[in-house]
2 protein chains.
Amino acid sequence: MVQYSKKFQAVPEPTIRRMPSYLAFAEGLLRKGQQFVSSTQIANYMNIDPTQVTKDLSYTTIVGKTRVGYEVKAIVDVLSEFLGFSVMDNAFLVGAGSLGSALLHDSGLNHFGLKIEAAFDINPATIGRKINDVEVFHIDQFRDLAQELNVIMGIITVPAENAQTVADLMVAWGIKAIWNFTPARIKVPDDIIVQNTTLYSNLAIIFNKLHQEKREE
Amino acid sequence: MVQYSKKFQAVPEPTIRRMPSYLAFAEGLLRKGQQFVSSTQIANYMNIDPTQVTKDLSYTTIVGKTRVGYEVKAIVDVLSEFLGFSVMDNAFLVGAGSLGSALLHDSGLNHFGLKIEAAFDINPATIGRKINDVEVFHIDQFRDLAQELNVIMGIITVPAENAQTVADLMVAWGIKAIWNFTPARIKVPDDIIVQNTTLYSNLAIIFNKLHQEKREE
DNA sequence: AATCAATAAGGAAATTTTTCTTTAATAAAA
DNA sequence: TTTTATTAAAGAAAAATTTCCTTATTGATT
Ligand SMILES: NC(=O)c1ccc[n+]([C@@H]2O[C@H](COP(=O)([O-])OP(=O)(O)OC[C@H]3O[C@@H](n4cnc5c(N)ncnc54)[C@H](O)[C@@H]3O)[C@@H](O)[C@H]2O)c1
Ligand SMILES: NC(=O)c1ccc[n+]([C@@H]2O[C@H](COP(=O)([O-])OP(=O)(O)OC[C@H]3O[C@@H](n4cnc5c(N)ncnc54)[C@H](O)[C@@H]3O)[C@@H](O)[C@H]2O)c1
């Protein structure tokens, strides 16, 4: 089911999923002073097919040199621009519990273009605290602050049963995209972008492969 | 590139990815006392096509009743068994920092069949502490404990630059599967199962959709 | 009792994604 | 200078996944 118009959707999602890893690899090479990198090298690092790498990179403006590869600096620059990591977007996080705190502590998000401006909770014990310089407010203050700061993304890290309630609030307050870390699926209007990140799916994949191995013995 | 034999791999990975959400939904319905659920209902909750749901469930032993749907209890029982959530597997976590602590606090992992037996770190400040009843040991003690407890999975939540070092240790100590939360890709022997969980990929997908919207305006 | 509507299920078709093949370029080696 | 080997790029083919279509079943409605 298509949640949004496909007119400009040219880049496959699997490609976008791989790109941050290409970027991270290239950043590492840049730090080490390597100037060029071939699709073979990237593919080796990623454990995928080299043509997959060239296909993926062909969606960007990056062009490689035969017999040499791609300019590392170009990959870093183009890819971070392409992925939207070079402009900072503002977000609010709701649910400053275990996972929420981890995300607030993560400087990686900053590096990848996301600034968490404020956190919200309902637990009086956490409200008023600062987690890695981000203040935790009561959820009722969300509205006023969303106006002030230019916040386009809402991050949901509350218990699953409260996910829909929080999502409804976010929509009402004009959030454009929601990053949902709960296993619950939320219902929002079609024009709101939702990204579900269910860690437990990864667990299912691991178990599936483990059991497969067992069956083969 | 195939990292493992495909002989018994019949279930598509996207299917396995969706199944934990079906399960979570069914568990919710069970709590509410609902006895049957149709593919239409599940699809509506998931925001996907109903035939996708029937296809997915057809990989299991679950059979539905025409005009009625699937038995909720059967979905819960069969799916949790099928996904490997009903037998407890033991894991070690290396890197008891922000993300590591969040995972240690997460009772969801227990519910989905994963028991973190111990955590490891190199920071003297955290070693000896207990996080949600799980003790943090120095990484050097990994070996002895891995023998004692029946640990098959290693969870990596150290900084990206240390991921390979930790992975090498895990392999040396006989771990069968690695759940890697760092953006770095690790190199391990072919028989070791690796699941990379890169949260930043999700960010890239959101940004991509956001920018698409902008282009369409 | 007959009709209607909702649904599962299986197979076909369409779409998406990955892999393979060919070609051309070019750095390095002979 | 010539040859060789490596690589990017573009297109074709293959594989995987999703969506569509048809059929049969059966609970609800008339
Ligand atoms: N902790 C993890 O590592 C982890 C891993 C995977 C998934 N998750 C998911 O992330 C979500 C949060 O998990 P957690 O471990 O951080 O839980 P947690 O209990 O530590 O934190 C939840 C926080 O949300 C707050 N909260 C509850 N209802 C709220 C509301 N209506 N508005 C605002 N704040 C509210 C609570 O006060 C609490 O601080 C859960 O859905 C969980 O399944 C967590
Ligand atoms: N925090 C998040 O929300 C988040 C989100 C996405 C990805 N990540 C990734 O997860 C990883 C960890 O992030 P974090 O925020 O928890 O970092 P952190 O600095 O809070 O924690 C890292 C921990 O690993 C320990 N450590 C370092 N080297 C070690 C070694 N060789 N052996 C054992 N322990 C070692 C450190 O002492 C520290 O306690 C990073 O790769 C990060 O990119 C984190």
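Everything numeric in this text was worked out from a predicted model, so none of it was measured. (Residues numbered from 1 in each chain as written. Chains lettered and ligands numbered in written order. Predicted model: local features only at pLDDT ≥ 70, side-chain atom pairs only at ≥ 80, totals over all residues. Heavy atoms only, no water.)

Outline the interface of chain B and chain A, supporting the account with residue identities and numerical values.
Opposite the 65 residues of chain B that make contact, chain A presents 65 residues. Both sides together, the interface formed by chain B and chain A hides about 6,500 Å², and carbon and sulfur atoms give 63% of it. Of all elements in the fold, only helix H1 (13-32), helix H2 (39-46), helix H5 (98-105), helix H6 (107-111), strand E7 (151-156), strand E8 (177-180), strand E9 (193-196) and helix H9 (199-216) of chain B reach the threshold of two or more residues within the side of chain B that touches chain A. For the side of chain B that touches chain A, the element with the highest residue contribution is H9(B), accounting for 17 residues. Residue composition of the side of chain B that touches chain A, grouped by class: 34 nonpolar, 19 polar and 12 charged. (Contact = heavy atoms within 4.5 Å. Buried area = accessible area lost by both parts, 1.4 Å probe. Helix = DSSP H or I, 4+ residues; strand = E, 2+ residues; numbered from the N terminus. Nonpolar A, V, L, I, M, F, W, Y, C, P; charged D, E, K, R; others polar.)

Could you give me a rundown of the site of ligand 1, with the residues and numbers involved?
Taken together, 22 residues sit near ligand 1, with Ser98(A), Leu99(A), Asp121(A), Val158(A) and Asn162(A) positioned nearest. Two or more chains meet at ligand 1, and those chains are chains A and B. Contact distances for ligand 1 include 2.5 Å between an oxygen atom and a side-chain N or O atom of Asp121(A). Only helix H5 (98-105) and helix H9 (199-216) of chain A together with H5 of chain B provide two or more residues apiece to the shell around ligand 1. (Near = heavy atom within 4 Å. Polar contact = N/O pair within 3.5 Å; in protein donor to acceptor, adjacent residues only side chain to side chain.)

A description of the packing of H5(A) against H5(B) should follow, citing residues and the corresponding values.
Closest axis-to-axis distance for the H5(A)/H5(B) pair is 8 Å, and the angle between their directions is 175°. In terms of orientation, H5(A) lies roughly antiparallel with respect to H5(B). Contacts from Ser98(A), Leu99(A), Ala102(A) and His105(A) in H5(A) reach Ser98(B), Leu99(B), Ala102(B) and His105(B) in H5(B). Class assignment for the residues of the contact of H5(A) with H5(B) results in four nonpolar, four polar and no charged. (Axes fitted to C-alpha atoms, helices over the stretch in contact; angles between N-to-C directions. Parallel < 35°, antiparallel > 145°, perpendicular 65-115°, else oblique.)

Go over the protein's contact with DNA strand D with me, naming the residues and quoting the values.
Neighbouring DNA strand D are 22 residues, the closest being Ser39(A), Gly64(A), Thr66(A), Thr66(B) and Arg67(B). In the interface set of DNA strand D, defined as its atoms within 4 Å of the protein, sugar plus phosphate atoms amount to 63%. The contact in question runs from a base oxygen of DNA strand D to an N or O atom on the side chain of Lys55(A), over 2.8 Å. Contributions of two or more residues to the surface near DNA strand D are made by helix H2 (39-46) of chain A together with H1 and helix H3 (50-58) of chain B. Broken down by element, the residue count for the surface near DNA strand D peaks at three residues, all from H3(B). Of the residues belonging to the surface near DNA strand D, the class tally is six nonpolar, nine polar and seven charged.

Any details on the sheet that holds E7(B)? Residues and values, ideally.
Residues and elements named next belong to chain B. Strands sit in the order E5-E6-E4-E3-E7-E8-E9 across an open sheet of seven strands; the sheet is mixed. Looking at the sheet topology across the chains shown, the edges are occupied by strand E5 (130-131) and E9. In this sheet, strand E6 (residues 134-138) lies alongside E5 in antiparallel orientation, the contact comprising two bridges. Among the inter-strand pairings, Ile131 is bridged to a residue of E6, identified as Val134. Sitting on the sheet, helix H8 (residues 163-172) is in contact with strand E3 (89-94), E7 and E8, with an inclination near 175° to E7. (Pairing = 2+ DSSP bridges.)

Give a description of the relation of the copies chain B and chain A that names residues and reports values.
Relative to chain A, chain B is turned by 180° and slid 0.0 Å along the rotation axis, the superposed coordinates differing by an RMSD of 0.0 Å. Both copies are brought into coincidence by an operation consistent with a two-fold rotation axis. Among all residues of chain B, the minimum C-alpha distance to the rotation axis is found for Ala102(B), at 3.2 Å. In this assembly the copies share their binding face: 100% of the residues contributing to the interface of chain B also contribute to that of chain A. (Least-squares fit on C-alpha atoms with pLDDT ≥ 70 in both.)

Mind laying out the site of ligand 2, listing which residues take part and the relevant values?
Neighbouring ligand 2 are 22 residues, the closest being Ser98(B), Leu99(B), Asp121(B), Val158(B) and Asn162(B). Take Ser98(B): an N or O atom from its main chain is 2.9 Å from an oxygen atom of ligand 2. Within the contact set of ligand 2, an oxygen atom lies 3.4 Å away from a backbone nitrogen or oxygen of Ala160(B). Among the secondary structure elements, those contributing two or more residues to the shell around ligand 2 are H5 of chain A together with H5 and H9 of chain B. For the shell around ligand 2, the class distribution of residues is 13 nonpolar, seven polar and two charged.

Mind laying out the side chain of Glu27(B), listing which residues take part and the relevant values?
Residues and elements named next belong to chain B. Note that Glu27 resides in helix H1. Among buried Asp, Glu, Lys and Arg side chains, Glu27 stands out as unpaired, with Arg31 the closest opposite charge at 5.2 Å. What Glu27 contacts, discounting residues up to four positions off in sequence, is Val76 and His111. (Buried < 20%, exposed > 50% of the residue type's maximum accessible area, 1.4 Å probe, protein only. Lys, Arg positive; Asp, Glu negative; His and termini not counted. Salt bridge = Lys/Arg side-chain N within 4 Å of Asp/Glu carboxyl O.)

Before we move on, can you summarise the pattern of salt bridges with the specific residues and values?
Any two side chains of opposite charge can pair, on the condition that their charged atoms come close. The final tally for this structure, using the stated rule, is eight salt bridges over all chains. Linking Arg18(A) and Asp56(A) is a salt bridge whose minimum nitrogen-to-oxygen distance equals 2.6 Å. Here Asp56(A) lies in helix H3 (residues 50-58) and Arg18(A) lies in helix H1 (residues 13-32), a separation of 38 residues in the sequence. Both residues of the pair, Arg18(A) and Asp56(A), count as buried. For the salt bridge of Lys115(B) with Glu117(B), the shortest nitrogen-to-oxygen distance reads 3.6 Å. With a relative accessible area of 35%, Lys115(B) lands in the partly exposed category. For Glu117(B), a relative accessible area of 22% puts it in the partly exposed group.

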